[in-house]
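# Fold and geometry: a report
The chain contents come next:
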Amino acid sequence: MELAQVRLLVADFPSCYRFYRDVLGLKPQFDAEDGPYAKFTPDGGTAGIALQDRTQMTKVLGELAAEPTGYRSLVALRVDDLDRYCEEIIARGAVLVHGPAPMTDRMRVAHLVDPAGNLVELQEWLVLRG
């Protein structure tokens, strides 16, 4: 078994698409700003983050019609230089809700929220497990 993607259900597809493409700097597999689906695969991996229009999935699974409240999920992305990456995404419009700060003695993190309310954790690994 191989993880293909984590799919986030979003109500405002265009704003989420622009957030992952323009703010976080992830490259979409194809241009789909209006949805209903897009996948972003970070460099060096095969799994990715996908966005799915919530209304479209509601047609398949009716119980999705009610919008959840609070953070919906947490997407963790590893970066090589957390401070530099945070400076870059802040310049592109990101608003950090936490950090950069130590999480453990092995990792520093920063958190931000995408337009759909999903929490994004940026991780810089200081010591790799070995």
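To be clear, the structure that these remarks concern was listed above.
Now for a quick tour of the structure. Bear in mind that the values here come from a model prediction, so they are computed numbers and not experimental data.

In terms of burial, strand 7 (residues 119-125) is largely enclosed, as 6 of its 7 residues are buried. As judged from the 5 bridges shared by strand 4 (residues 74-78) and strand 7, these two strands associate in the parallel manner. Bridging across to strand 7, arginine 78 finds its partner in glutamine 123. Note: strand 6 (residues 107-113) against strand 7, 7 bridges, orientation antiparallel. Note on strand 7: the bridge partner recorded for valine 109 is glutamine 123. Between strand 6 and strand 7, which pair antiparallel in sequence order, lie 5 residues; one of them, glycine 117, sits at a positive phi of approximately 95°.

What follows is about the side chain of lysine 39. Mapping lysine 39 onto the fold places it in strand 2 (residues 37-40). Classification of lysine 39 as buried rests on a relative accessible area of 10%. Excluding residues that lie within four positions of it along the chain, lysine 39 makes contacts with Ala4, Gln5, Lys27, Pro28, Gln29, Thr46, Ala47, Gly48, Ile49 and Ala50.

Conventions used here
For every chain, the first residue of the written sequence is number 1, and numbering continues from 1 onward in sequence order. Per-residue local features of the predicted model are confined to residues with pLDDT of at least 70, and side-chain atom pairs are confined, for both listing and counting, to 80 or more; whole-chain, interface and lining totals are unaffected and use all residues. Each side-chain value is worked out from all heavy atoms of the structure, with water and hydrogens disregarded. Burial here depends on accessible area, computed with a 1.4 Å probe over protein chains only, as a share of the maximum for the residue type. Under 20% is buried, over 50% is exposed, and the range in between is partly exposed. Runs of E in the DSSP output that reach at least two residues are strands. Runs of H or I that reach at least four are helices, and both are numbered from the N terminus. Following DSSP output, two strands are said to pair if at least two bridges run between them. Contacts are assigned to residue pairs with any non-hydrogen atoms lying within 4.5 Å of each other.

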